[in-house]
Amino acid sequence: MTGPDAPDALRATGLGFRYRRRGGWALRDCEFTVPGGRVTALVGRNGAGKTTLLHLAGGLLRPGSGELRALDAVPGTSEARARVALLAQDKPLYPRFTVADTLLMGEKLNFSWDRTTAERTVREGGVPLHARVGELSPGRRTRVALALALGKRPELLLLDEPLADLDPVARGDIMAGLMAEAAERGTSIVLSSHVLPEIEETCDWVLVLRDGRVELSEDAYTVRESHAVLTGHADQADALATEHTVVQRRTAGRQLTALIRRHGPLHGAWHVERPRLEDILIGYLQDVEPRHPAPAERTEAAA
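Residues numbered from 1 in each chain as written. Predicted model: local features only at pLDDT ≥ 70, side-chain atom pairs only at ≥ 80, totals over all residues. Heavy atoms only, no water.

Draft legend 1. Up close: the pairing of strand 1 (residues 10-18). The pairing of strand 1 with strand 4 (residues 65-70) spans five bridges and is antiparallel. In the strand pairing of strand 4, Arg11 is matched with Arg69. The pairing of strand 1 with strand 2 (residues 25-34) spans six bridges and is antiparallel. If you follow Leu10 over to strand 2, its bridge partner there is Val34. (Pairing = 2+ DSSP bridges. Helix = DSSP H or I, 4+ residues; strand = E, 2+ residues; numbered from the N terminus.)

This is how it looks when you write it as structure tokens:
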């Protein structure tokens, strides 16, 4: 279901999760909303909490604190399982099953099953239905796992680094198919990926995790339009930080280069460039110093 009354794909309130054996929080105090009908890029460095979040959304884990809703349902319940599909990194499949057996299993386990879509997904990758799963290459196993997920006809599709085993041509073909799925059926897709240029071309929402916390959850176009790369004299740094959010900055001699989120007009002598979404995301992920919030943000935080 899409439109103004469609449920959010994901909504988190005070979400936290802690692995007992490892110690420390994988996710902590996460607050975000991912609207329905979007193709969302879930971005973060290794260990940021991306896989944990997807496993929580898919019902494989339960929150340690707060709550998470998938399509307004509690992950792991029968309602959520019928509407949500998760393609995990390890792509668990039965190696002794043939591809045809695997798809038949998917049909038996899911009340709603699209055999045509499932079989087309494997055939487009040149995967024989009679082949045993354990004898397939990693890329072809990915095709079979994706066929299981798409055959279910989910309203929300969660993909954890799904294309890492594929060559660039196959990856492009599958991404095109996922975009068609989202456009034609209004499927919400949350895609974890390290391939940032690919994200720029395909995703219209970004959810950025850093050290288990949410840095951004926002429309991709808004993110691009609200950020700028400035180059100017370093003595303008303090004034810049009082008016805008400085995401990242570096100084070379007397020259300052800064990635900022704008909060109103720019003052001072600056050379301004519009960054790519990839550059913005890298800026948030690489930042090692506390950002300098604009005055309104400081007031809000102190309230």
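Structure shown, so let's carry the discussion forward.
Draft legend 2. How the structure looks around the packing of aromatic side chains. Considering all chains together, one arrives at two aromatic pairs under this definition. An angle of 80° between the planes, with centres 4.7 Å apart, marks the rings of Phe17 and Tyr19 as edge-to-face. By relative accessible area, Phe17 is classed as buried at 10%. (Phe/Tyr/Trp six-rings, centres within 6.5 Å; stacked < 30°, edge-to-face > 60°. Buried < 20%, exposed > 50% of the residue type's maximum accessible area, 1.4 Å probe, protein only.)

Draft legend 3. Structural detail: helix 6 (residues 168-185). The end-to-end C-alpha separation of helix 6 is 26 Å, in line with the 26 Å expected for 18 residues at 1.5 Å each. Within helix 6, burial applies to Ala170, Arg171, Ile174, Met175, Leu178, Glu181 and Ala182. Taken end-on, helix 6 shows its buried residues confined to a sector of 135°, consistent with a single buried face. Across helix 6 from its buried face, at more than 90 degrees, point the exposed residues Pro168, Val169, Ala183 and Glu184. In this structure, the buried side of helix 6 is in contact with strand 3 (39-43), helix 5 (138-151), strand 6 (156-160), strand 7 (188-192) and helix 7 (196-202). (Expected span 1.5 Å × (residues − 1). Arc of directions from axis to C-beta. Contact = heavy atoms within 4.5 Å.)

Draft legend 4. Highlighting the packing of helix 5 against helix 6. For the pair helix 5 and helix 6, interaxial distance at closest approach is 13 Å and the crossing angle is 5°. As summarised for this structure, helix 5 and helix 6 are arranged roughly parallel, according to the angle between their axes. Residues Arg143, Leu146 and Leu150 of helix 5 form the contact with helix 6, whose own contacting residues are Ala170, Asp173, Ile174, Leu178 and Glu181. Looking at side-chain class alone, the contact of helix 5 with helix 6 contains five nonpolar, no polar and three charged residues. (Axes fitted to C-alpha atoms, helices over the stretch in contact; angles between N-to-C directions. Parallel < 35°, antiparallel > 145°, perpendicular 65-115°, else oblique. Nonpolar A, V, L, I, M, F, W, Y, C, P; charged D, E, K, R; others polar.)

Draft legend 5. Up close: the sheet that holds strand 13 (residues 270-273). Pairing in this open sheet of four strands is antiparallel, and the strands run 11-12-10-13 from one edge to the other. Looking along the sheet, the strands with just one partner apiece sit at the ends: strand 11 (245-252) and strand 13. Strand-to-strand, the axes of this sheet are offset by a mean angle of 20°, without reference to chain direction. Pairing between strand 11 and strand 12 (residues 255-261): seven bridges, direction antiparallel. Bridged to Ala252 within strand 12 is Gln255.

Draft legend 6. A look at the sheet that holds strand 8 (residues 205-210). The six strands are arranged 5-6-7-3-8-9 in an open sheet whose pairing can be described as mixed. Every interior strand has two partners, whereas the edge strands, strand 5 (84-87) and strand 9 (213-219), have only one. On average, each strand axis in the sheet is inclined to that of its neighbour by 15°, with strand direction left out of account. For strand 6 and strand 7, the ladder comprises five bridges, and the chain directions are parallel. Paired with Leu157 across the strands is Ile189, a residue of strand 7. Helix-sheet contacts for helix 10 (residues 277-286) involve strand 3, strand 8 and strand 9, and the interaxial angle to strand 8 is about 20°.

Draft legend 7. View of the pattern of salt bridges. Under the counting rule described, the total for this entry stands at 18 salt bridges. A network of salt bridges, in which partner residues are shared, links Asp8, Arg11 and Asp72. (Salt bridge = Lys/Arg side-chain N within 4 Å of Asp/Glu carboxyl O.)

Draft legend 8. Structural context of the domain arrangement of the protein chain. Domains assigned within the protein chain are domain 1 (10-211) and domain 2 (226-285). Relative to domain 2, the C-alpha centre of domain 1 lies at a distance of 35 Å. On the side of domain 2, seven residues touch domain 1, which itself brings 11 residues to the contact. Buried surface at the junction of domain 1 and domain 2, summed over both partners, amounts to about 840 Å²; 75% is from carbon and sulfur atoms. (Domains from an automatic or database assignment. Buried area = accessible area lost by both parts, 1.4 Å probe.)

Draft legend 9. A look at the nonpolar core. Among the nonpolar cores identified, the biggest contains 48 residues, and Val43, Leu157, Leu159, Leu178 and Ile189 are the most heavily contacted of them. For this core, the element with the most residues is helix 5, which contributes seven residues. Looking at this core, you find at least three residues from each of domain 1 (10-211) and domain 2 (226-285). If sequence neighbours within four positions are ignored, Leu178 has contacts with Leu146, Leu150, Leu157, Leu159 and Ile189. Judged by nonpolar contacts, the second largest core, of 27 residues, contains Ala9, Val34, Leu42 and Leu156. (Core = buried A, V, L, I, M, F, W, Y, C linked by side-chain atoms within 4.5 Å.)

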